[in-house]
Amino acid sequence: MKKMVCLSCILFLLCISTYGQMQISFKPIFNKDSISVLKFYVSNVQILYRDGTKFKENNSFRLLDIEYIESFLIILNAPSKAIEKISFDVGIDSTTSVSGALDGDLDPIKGMYWAWHSGYINLKLEGKSKACSTISNEFHFHVGGYRSPFYALRRIDVPIVNQMGSSVAIQMNIALLLDKINLKQINNIMLPGKEAMQIADYLPQIFSNK
Amino acid sequence: MIIGVILILFLYVFFSFVFTEQKNIHFHVPEGWPKPVYDFKQNRLTEKGFKLGSALFFDPILSRDNSISCASCHLSFTAFTHADHKLSHGINGRIGTRNSLTLINLAWNTSFMWDGGVNNLEVQAINPITNPSEMNHGLSNAVDALNASPRYRKMFYSVFKDSIITSQKLLKALAQYTSQLVSYNSKYDSVMRKEKNVSFTQNELNGYTLFKNHCASCHTEPLFTNYGFENNGLSMDTVLKDFGRMMITQDSKDAFKFKIPTLRNIEFSAPYFHDGRVNTLKDVINHYTSGIVVSASLSKQLQQPIILSEKNKKDLILFLKTLTDKYALYNQRFRYNYSETLTK
């Protein structure tokens, strides 16, 4: 009995020593274009440590919304050790997309759900830019889609070079994204399709850790 | 000490089981039918859940000005469709762009709506609640309205053991009701089950043979649809310009294709077709024999004209009427007020 108690104590201590917390903060980078809406899903976060171990969060979906800037700080119950790489999906996978009514950040009330052609909007980006040929210079990008051939989820890998103890900052370069999009021609996306795929394809390039 | 912990855990599990467990309803799958598509594991059917869903279905609380309910467009005695209105009316008399669909055997549907744009029964209901031409009510407003109602808070609590109503609970409750609107007790079903004293008449039998030859490739037994999307040769409505399936897949090959609807209770679900353009089964048959409009996406099966004599047309209709299920149409369980029998 005594041995068992000892063993449990050791196990417990082991747990709290390695299972600290990791904080990942997303830092959007803008230029002169004004952004009125920036909302996107970060799901299935995975951390690869320099010692070769991994931390994985399955079936976790987080809605990051610039209106609630605190949502840009993600806290994970992951060991605080030197990190090699952080990976995550921007968007909602197809299995989750067909799973009926969901709760929490996946609640359709969050305004990231298309009702008449079911599916989540992975990323909403709206604002104004002089480059837009629209009357009010506005652009509206609702990027999503889970049906092939327009599956808009993208896996993002961010090599980590700059870590401050248990926190890591990931830059999200919205300015670069808007530069890449030809705003003159593409300034309104409301449906899954080719244009949404194009924007999704840019996403892996805009996240970095410097 | 460990034994103590185990004991406490055991007691906890045991009691939470005893207290939260409600009698589950078994969802009956008739012999020879495919497995339902709807995942009942994520929404265990209970009598209280069904009654709550039924109360919501008939309650205009889900519409902004409390004027219409689901049942306004889906009435049970008209096979849960909107009789007499070609295009379902919504709030303020605004007209939707499509004919209401029959709500029957929905647990087998692989997709919802005429274009199949909706992928799960639960999320279908977001559409009428948020679509401006239907209930004109944001989903969150609907949830707020329910949370403000002591009656509903009590009902939701008794079903979900949680007094805060969320959109998920609202949608699951509605699905408890809609998934149980089943039909498998028509004359056709009795004949197939070889029940005593039931058989097709000579005319119905002839109709059945014609049906198998000309219609069953799409309206496949026993659900009378294969859940595919086809262009059955209707001319495009120049006002509504409804491209059907193409709006979902963005593929021009899918232009003017629509979901193959079930034909169960078809006798009572007039008007017919996605825009409700015809009123009688005779007109439907005439469409297939002499109204087919050829276009790029027209189904292979309908490229060659279907030729039917007047007698054969009548027999085919007589067969279609054997799909009428009085038990489903007049089932008290499906009716308004059923929820009134809800016990606390």
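Thresholds, definitions, all that
- Residues numbered from 1 in each chain as written.
- Chains lettered and ligands numbered in written order.
- Predicted model: local features only at pLDDT ≥ 70, side-chain atom pairs only at ≥ 80, totals over all residues.
- Heavy atoms only, no water.
- Helix = DSSP H or I, 4+ residues; strand = E, 2+ residues; numbered from the N terminus.
- Buried < 20%, exposed > 50% of the residue type's maximum accessible area, 1.4 Å probe, protein only.
- Contact = heavy atoms within 4.5 Å.
- Buried area = accessible area lost by both parts, 1.4 Å probe.
- Salt bridge = Lys/Arg side-chain N within 4 Å of Asp/Glu carboxyl O.
- Nonpolar A, V, L, I, M, F, W, Y, C, P; charged D, E, K, R; others polar.
- pLDDT = per-residue confidence, 0-100.
- Domains from an automatic or database assignment.
- 1 Å grid on protein atoms, 1.4 Å probe; cavity = no way out; pocket = protein on both sides within 12 Å on 5 of 7 lines; lining within 4 Å.
- Points joined across faces, edges and corners; volume = space filled by probe spheres on them.
- Polar contact = N/O pair within 3.5 Å; in protein donor to acceptor, adjacent residues only side chain to side chain.

> Could you clarify how one ought to interpret the environment of lysine 184 of chain A in this entry?
All names here are of chain A. With respect to the helices and strands, lysine 184 occurs in the loop between helix H3 (174-180) and strand S13 (188-189). Judged by its relative accessible area of 60%, lysine 184 falls in the exposed class. For lysine 184 and serine 129, which are 55 residues apart along the polypeptide, the C-alpha to C-alpha distance reads 9.8 Å. Setting aside chain neighbours within four positions, we find lysine 184 in contact with Ala131 and Ser133.

> Just checking my understanding: could you explain the interface of chain B and chain A for this structure?
If you look at the interface, chain B gives 25 residues, while chain A gives 22 residues. Looking only at chain B, the three residues that lose the most surface to chain A are Asn119, Gln168 and Gln250 of chain B, adding up to 28% of its buried area. Applying the counting rule to chain B against chain A returns zero salt bridges. The set of elements that each furnish at least two residues to the side of chain B that touches chain A consists of helix H4 (121-124), helix H5 (126-130), helix H6 (139-147), helix H8 (167-178) and helix H11 (246-249) of chain B. If one sorts the elements of the side of chain B that touches chain A by residue count, H8 of chain B sits on top with four residues. Among the residues forming the side of chain B that touches chain A, the class breakdown is ten nonpolar, twelve polar and three charged.

> How do you make sense of the confidence of the model for chain A when you look at a structure like this?
Predicted coordinates in areas of low pLDDT are best not read in detail. For chain A, the average pLDDT comes to 90, and 90% of its residues sit at 70 or higher. Within the model, the stretch residues 14-18 of chain A combines pLDDT values under 50 with three contacts to residues more than four positions away or in other chains.

> Is there a simple way to explain the side chain of lysine 257 of chain B in this structure?
Here lysine 257 of chain B shows up in the loop between H11 and strand S2 (258-259). In this structure, lysine 257 of chain B is in contact with Phe229, Glu230, Asn231, Phe243, Gly244, Arg245 and Ser297 of chain B, ignoring residues within four places of it in sequence.

> Even after reading the chapter, I still don't get the domain arrangement of chain B, so can you show me in this structure?
Accessible area lost during the coming together of the parts is what is often quoted as the interface size. Residue and element names in this part refer to chain B. Each assigned domain of chain B is listed with its residue range as follows: domain 1 (39-183) and domain 2 (187-324). In this complex, domain 1 contributes 27 residues to the contact, which on the side of domain 2 involves 25 residues. Regarding the contact of domain 1 and domain 2, the summed buried area is about 2,100 Å², with carbon and sulfur atoms giving 56% of it. The interface formed by domain 1 and domain 2 contains one salt bridge. In this structure, arginine 98 and aspartate 242 form a salt bridge, with 2.7 Å as the shortest nitrogen-oxygen distance.

> What am I meant to see in the layout of surface pockets here?
Rolling a probe over the atoms, with the probe sized like a water molecule, indicates the empty space that remains. The computed volume of the second largest pocket comes to approximately 290 Å³. The residue inventory of the lining of the second largest pocket, partitioned by class, reads eight nonpolar, two polar and four charged.

> Please explain the side chain of serine 69 of chain B as it appears in this structure.
Residue and element names in this part refer to chain B. Inspection of the secondary structure puts serine 69 in the loop between helix H2 (47-57) and helix H3 (70-73). Note on serine 69: relative accessible area 8%, which makes it buried. Of the polar contacts made by the side chain of serine 69, one reaches the backbone nitrogen of alanine 71; its length is 3.2 Å.

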